[in-house]
Amino acid sequence: MGILSSSVSLTRYRIVEKVPDELVNELPQRLKSNAFREIDQTSDERSFGWVCFDDFLDNKWHTSSPHKGHYLAFALRLDTRRIPPAVMKKHLRLALEEARREQEPRGRKIVTRDQKAEIKDRVKQTLMGKTLPVPAVFDVVWDVSRHMIYLGSISPKVRQLFEDQFTQSFDLSLEPQTPYFLAAILAEEQKKNLLEEVEASVMA
């Protein structure tokens, strides 16, 4: 669900480093430099990058500016191609049977391991080219005044992808604002070591 939905799951981050003023001015251009690239006309398995908050098809921000008051709003788009296992199994078997028939006139009935690997790669590339990528969009809001970041997802895989893409795009590191990190910020220096000894408990 998007951040503008009636309910949403959020991951909150803070930027570890001090953000230079000149970088703040570069943010829109850095978004465009790391924008999403379409893969509909390719056989690539996935593509990801930034898109407009108000229109996930807009990777040039023609629809609206990322600036929303003292916030920067944009989104992370991830397109993924997946071949259903049953489809892959079917077409791989057909390709292997065809390879065996082609070899029979030469007195060879066995398809070697290397040939199987080559055929499998060829079948996968062919099916990838016929499979439409499925898009997923995750909203991002950056409070530029406090340099707090809000991501519209709590999925570990999405979070890792977002953190890596954010660092690559802006040369900044993110720290998730989990209870552990918040406690580390608020705790007195001599008590921070105690956090390392805290163990998770199961709530019955």
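Our subject is the structure that appears above.
Calculation notes
Residues numbered from 1 in each chain as written. Predicted model: local features only at pLDDT ≥ 70, side-chain atom pairs only at ≥ 80, totals over all residues. Heavy atoms only, no water. Salt bridge = Lys/Arg side-chain N within 4 Å of Asp/Glu carboxyl O. Helix = DSSP H or I, 4+ residues; strand = E, 2+ residues; numbered from the N terminus. Buried < 20%, exposed > 50% of the residue type's maximum accessible area, 1.4 Å probe, protein only. Phe/Tyr/Trp six-rings, centres within 6.5 Å; stacked < 30°, edge-to-face > 60°. Core = buried A, V, L, I, M, F, W, Y, C linked by side-chain atoms within 4.5 Å. Contact = heavy atoms within 4.5 Å.

Colleague: Explain the pattern of salt bridges here, please?
Modeller: A side chain of one charge can pair with a side chain of the opposite charge if their charged atoms are brought near each other. Applying the stated rule across the entire model yields 9 salt bridges. Here D54 and K68 are joined by a salt bridge, their closest N and O atoms 2.8 Å apart. Of the two residues, D54 is situated in the loop between β2 (46-52) and β3 (67-68) and K68 in strand β3; the sequence distance between them amounts to 14 residues. Look at D54 and you get partly exposed, because its relative accessible area is 41%. What makes K68 partly exposed here is its relative accessible area of 30%. When salt bridges with common partners are traced through the structure, they connect E26, R30 and D171 into a single cluster.

Colleague: Would you mind going over the packing of aromatic side chains with me for this structure?
Modeller: The geometry of an aromatic ring pair comes down to the distance between the two centres and the angle between the two planes. Evaluation of the coordinates by the stated rule reveals 9 aromatic pairs. With a centroid separation of 5.1 Å and 85 degrees between ring planes, the pair formed by W50 and F74 is classed as edge-to-face. Taken together, the residues W50 in strand β2 and F74 in strand β4 (residues 71-80) connect sequence positions 24 residues apart. One exposure class covers both W50 and F74, and it is buried. Grouped by ring-pair contacts, the aromatic residues Y13, W50, F74, W142, F162, F166 and F170 constitute a single cluster.

Colleague: Mind showing me how you'd approach the environment of K89 here?
Modeller: Within the fold, K89 resides in helix α2 (residues 85-103). When its relative accessible area of 64% is taken as the criterion, K89 is described as exposed. A sequence separation of 34 residues divides K89 from V123, and the C-alpha atoms of the two residues are 9.9 Å apart.

Colleague: For this particular structure, what's the right way to read the nonpolar core?
Modeller: One recurring pattern in soluble globular proteins is that nonpolar side chains are buried together. In this structure, W50, W142, I149, F162 and F166 are the most contacted members of the largest nonpolar core, which totals 27 residues. Put simply, the parts of the chain that give this core at least two residues each are β1 (11-15), α1 (21-33), β2, β4, β5 (134-143), β6 (148-151) and α4 (156-170). Ranked by residue count, the leading element in this core is α4, at 5 residues. Setting aside residues no more than four positions away along its own chain, I149 makes contact with T11, R12, Y13, I15, V140, V141, W142, F162, F166 and L174. I83, L96, V111 and M128 belong to the second largest nonpolar core, which has 11 residues in total.

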